[in-house]
Amino acid sequence: MTAQGVDAVEEKPEKEPVTERRLHPITPLRRAWAPVAVVIGWAVHDPDQTQRQLTRLTTTTLLIALAVIVPAAALYGFLTWWFTHFAVTDTELRIRTGLLFRRTAHIRLERIQAIDVTQPLLARVAGVAKLRLDVVGTDKKDELAFLGEREARALRAELLARAAGFAPETAHEVGEAPARELLHTPPRDLALSLVLTGATWGSLVAALVVPPLLWMATHSVWTVLATALPLLGAAGASSVGRFVTEYDWTVGESPDGLRIDHGLLDRTHETVPPGRVQTVRIVEPLLWRRRGWVRVELDVAGSSNSVLVPVAPREVAEAVVARVLPGVTVPPLSALSRPPRRAGRCVPLWWRGYGLAVTDAVFAARQGLLRRSLALVPHAKVQSVRLAQGPWERLWRVADVHVDTGANKTVTARLRDAQEAAELLKSQAERSRTGRKGARPDRWMV
């Protein structure tokens, strides 16, 4: 009996040991800047004291200081690289960092929402890349910087395969899922769209007009510089900065979501996770309407992805929206109902820019006259519905209906008839409940 009992017990297979890996050997050069940055920060904090100290130093002293600082920085970079490891287990990604204070991040694979591969300019020259991970419940992205470009892509494919439920022994063989190109933004269209954007001209005019007026009023160089530099920075960010960032924008479709590649200097390879998109906004600036262009923005739960299409013809953009929100058709402008005319007593003129359409799939609210914006919220993504009515709105029997999503964002249907808003509140709560029951699972590669 004893022997038979022993034979009946199956021995559990031993788990394979976890193999820890290091980052690319070029990583110490990136981290060696930390001690140098401390010295530069001290110098910027107190420039007068820094100048006095430098005038007292002889050439020999400066050479000795450099002979100490440079090796110290190199040693710091090497040690931080040496004590940084990462490993992929059956259920998680572990990242161990820290020279004096140890930190171990345990990232559950099923909680990974997006994995982006980014390549700053110098990283592209060196042939390395940075892996950035969006994880449920964390505001800050964990990252592995740097890995070899091929290694980064292979690790990304392995993590996505494991997150999708592939067995660990087959995850290595899955490889990167193929992608089919849906959209490519020509540089000419991108440049022209920025020229036709009001924000670009507004920031540029402010940068050219405000500093001379301040000089005439104050005759203070520091006041002018303190105002002019931020204004010039804003003008550059809204024009040249956006062109550099959104250059060569490409959207492709793959089993692990929509892939977005872009960047002139720094290349970024992002992924819009399936099922995580909470809101899609179709933005139509005034000067774009003649060309039929629109911009598509996103609210993604737990992710920083915010742009899907920088500029494209409306029909092309709507086709991409249909891929990121399966089963959703963008309501035409004729299907959007305006608020009642008495809403003009609450918001003169601008009330004409508000509109609402509720279909079987989405809650769609429009706002804006000069810069139209149509927000689409799938019923399954609605977390709560609220009705708000101020004293003046109560007088004219109108109310606002707020729809809250999982991305901590709110879409509002402004100035609806009070009775319509009350009915919409009840019906939208029911649509959200039934929508969540029939929603597709938020899984990779399904």
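Residues numbered from 1 in each chain as written. Predicted model: local features only at pLDDT ≥ 70, side-chain atom pairs only at ≥ 80, totals over all residues. Heavy atoms only, no water.

**Student:** Looking at this structure, I do not really get the overall build of the protein chain. What am I missing?
**Tutor:** The helix and strand inventory of the protein chain stands at 14 helices and 19 strands. Burial statistics for the protein chain: of 446 residues in total, 39% are counted as buried. (Helix = DSSP H or I, 4+ residues; strand = E, 2+ residues; numbered from the N terminus. Buried < 20%, exposed > 50% of the residue type's maximum accessible area, 1.4 Å probe, protein only.)

**Student:** Hey, could you run me through unusual backbone geometry in this one?
**Tutor:** With an omega of 5 degrees, the peptide bond between A145 and F146 qualifies as cis. Locating F146 in the fold gives a position in strand β6 (residues 142-148). At L415, a position not held by glycine, the phi torsion is positive, near 55 degrees.

**Student:** Please clarify how the side chain of T200 should be interpreted in this entry.
**Tutor:** Along the chain, T200 falls in helix α10 (residues 198-218). There is a polar contact of 3.1 Å between the side chain of T200 and the backbone oxygen of L194. A distance of 3.3 Å separates a polar atom in the side chain of T200 from the backbone oxygen of S238. With near-sequence residues (within four places) excluded, T200 lies in contact with L194, S238 and S239. (Polar contact = N/O pair within 3.5 Å; in protein donor to acceptor, adjacent residues only side chain to side chain. Contact = heavy atoms within 4.5 Å.)

**Student:** Would you mind going over the side chain of T268 with me for this structure?
**Tutor:** As for its placement among the helices and strands, T268 is situated in strand β10 (residues 267-272). Residue T268 is classed as buried on the basis of its relative accessible area, which comes to 14%. Beyond its immediate stretch of four places on either side in the chain, T268 contacts V117, T118, I260, D261 and H262.

**Student:** Hey, could you run me through the sheet that holds strand β14 (residues 355-358) in this one?
**Tutor:** Think of a sheet as strands paired side by side through backbone hydrogen bonds, with each pair either parallel or antiparallel. As summarised here, the arrangement of the 6 strands in space is β13-β12-β11-β16-β15-β14, forming an open sheet in which the pairing is antiparallel. The strands lining the two open edges of the sheet, one partner per strand, are β13 (307-313) and β14. Strand after strand, the sheet turns through a mean of 15 degrees between neighbouring axes, direction not considered. As judged from the 4 bridges shared by strand β12 (residues 293-300) and β13, these two strands associate in the antiparallel manner. In the strand pairing of β13, E297 is matched with V307. Where helix α12 (residues 314-324) meets the sheet, it contacts β11 (277-284), β12, β13 and β16 (372-378), and its direction lies at approximately 150 degrees from that of β13. (Pairing = 2+ DSSP bridges. Axes fitted to C-alpha atoms, helices over the stretch in contact; angles between N-to-C directions.)

**Student:** When you look at helix α9 (residues 187-195) in this model, what are you seeing that I'm missing?
**Tutor:** Side chains three or four residues apart in an α-helix point the same way, a direct result of the helix having 3.6 residues per turn. Buried residues of α9: L190, S193 and L194, and no others. An end-on view of α9 places all buried positions within 100 degrees of arc, on one side of the element. On its buried side, α9 packs onto α10, α11 (221-246), β12 and β13. (Arc of directions from axis to C-beta.)

**Student:** Where do I start with the pattern of salt bridges in this structure?
**Tutor:** Once their charged atoms are close, side chains differing in charge can pair, the charge on each being opposite to the other. In this structure the tally under the stated criterion is 20 salt bridges. Put simply, D404 and R386 hold a salt bridge, and the shortest N to O gap is 2.9 Å. Remark: R386 occurs in strand β17 (residues 382-388) and D404 occurs in strand β18 (residues 398-405); sequence separation between them is 18 residues. Overall, the relative accessible area of 39% leaves R386 in the partly exposed class. The partner of E430 in a salt bridge is R433, and the shortest N-O contact between them spans 2.4 Å. Of this pair, E430 and R433 both sit in helix α14 (residues 418-437), separated by 3 residues, roughly a single helical turn. Look at E430 and you get partly exposed, because its relative accessible area is 37%. For R433, a relative accessible area of 38% corresponds to the partly exposed category. In the salt-bridge network here, residues are joined through shared partners; they are R242, E246, R281, R295, E297 and D299. (Salt bridge = Lys/Arg side-chain N within 4 Å of Asp/Glu carboxyl O.)

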